[in-house]
Amino acid sequence: MGTGMLSNEEIVEYYKQDAVKLFRYLNWLESKSGKQVSSVYGAEGIATNSVPFPVYDGTLMGFVKEASNTCFMDRNYVYVYSRRQLKTVKDEMRLIQNATIREMDELAGILSHYILGGRTKARLWSDGVTYGVYFAVLTKMKALIEFWEGERVEHPQN
């Protein structure tokens, strides 16, 4: 969105409602970090008659669908990657770890990279879970919102 002209409190207000929707996935994302959440469908005989295709965990697909409908989705996420020189997951994690409330747009850009990018490179959806990127982004957002709100953010459990 470009929250550069907003105050810190306005940034929190802008992102909070959509962030809370995604926080309900935190426990699941934490439990699946480092694990595969997709497989390749390969029923008997499929290799000779058809092209194998990926099958994703239902919770992952629910997360992708819900995240796709939030204010975090930015089609210009590539500019975050070029401006911040993000090339690897390690670079992304460094940015996430050091982000402040003024960098919520950058966190949204990383989330957009995996959600929107996953529409053309579907492995990105599962990579976001496996490498812990979704969990790291949402955990950082939660910490920033709680810090600026001065209270714990409650969210529904899955």
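That block above? That's the structure.
Everything in this summary refers to the structure shown in the same document. Worth saying up front: this structure is predicted, and the values here are computed from it rather than measured.

1. Some words on the packing of aromatic side chains
In step 1: Summed over the entire model, instances satisfying the criterion amount to eight aromatic pairs.
In step 2: Ring plane angle 80 degrees and centroid distance 4.9 Å describe the contact between tyrosine 14 and tyrosine 15, whose orientation is recorded as edge-to-face.
In step 3: On the basis of an interplanar angle of 80 degrees and a centroid distance of 6.5 Å, the ring pair of tyrosine 77 and tyrosine 81 is categorised as edge-to-face. Here the residue tyrosine 77 and the residue tyrosine 81 both occupy positions in helix 5 (residues 77–83), the gap between them amounting to four residues, near one helical turn. Each member of the pair tyrosine 77 and tyrosine 81 is classed as buried.
In step 4: One aromatic cluster is present, built from ring pairs that chain together Tyr25, Phe63, Tyr114 and Tyr134.

2. So, unusual backbone geometry
In step 1: Even without glycine at this site, glutamine 85 takes up a positive phi of about 55 degrees.
In step 2: Mapped onto the secondary structure, glutamine 85 falls in the loop between helix 5 and helix 6 (89–98).
In step 3: Residue class for glutamine 85 comes out exposed when judged on its relative accessible area of 60%.

3. Focus on the side chain of lysine 142
In step 1: The residue lysine 142 is located in helix 9 (residues 133–149) in this model.
In step 2: On the accessibility criterion, lysine 142 (10% relative accessible area) is buried.
In step 3: A distance of 2.7 Å separates a polar atom in the side chain of lysine 142 from a polar atom in the side chain of glutamate 146.

4. Focus on helix 6
In step 1: Turning to helix 6, its buried residues number three or more, namely Asp91, Glu92, Leu95 and Ile96. Considered in projection along helix 6, the buried side chains sweep an arc of 135 degrees and stay on one side of the axis. When the buried face of helix 6 is taken as reference, the exposed residues oriented beyond 90 degrees from it are Lys90, Gln97 and Asn98.
In step 2: Contacts from the buried residues of helix 6 go to helix 5, helix 7 (104–117) and helix 9.

5. So, the environment of leucine 116
In step 1: Assignment of secondary structure puts leucine 116 in helix 7.
In step 2: Filtering out sequence-adjacent residues up to four positions away, leucine 116 remains in contact with Met73, Asp74, Arg75 and Tyr77.

6. Some words on helix 4 (residues 58–68)
In step 1: Listed in full, the buried residues belonging to helix 4 are Leu60, Phe63, Val64 and Ala67. The buried side chains of helix 4 occupy one side of the element, clustering within an arc of 100 degrees when seen end-on. Looking at helix 4, the residues exposed on the side facing more than 90 degrees away from the buried face are Gly58 and Lys65.
In step 2: Residues of helix 4 that are buried in the fold lie against helix 1 (8–23), helix 2 (26–32), strand 2 (53–56), helix 7, helix 8 (123–130) and helix 9.
In step 3: Near the N-terminus of helix 4, the side chain that reaches the backbone nitrogen of threonine 59, with its oxygen 2.7 Å away, is that of aspartate 57.

Rules used in this analysis
Residues numbered from 1 in each chain as written. Predicted model: local features only at pLDDT ≥ 70, side-chain atom pairs only at ≥ 80, totals over all residues. Heavy atoms only, no water. Phe/Tyr/Trp six-rings, centres within 6.5 Å; stacked < 30°, edge-to-face > 60°. Helix = DSSP H or I, 4+ residues; strand = E, 2+ residues; numbered from the N terminus. Buried < 20%, exposed > 50% of the residue type's maximum accessible area, 1.4 Å probe, protein only. Polar contact = N/O pair within 3.5 Å; in protein donor to acceptor, adjacent residues only side chain to side chain. Arc of directions from axis to C-beta. Contact = heavy atoms within 4.5 Å.

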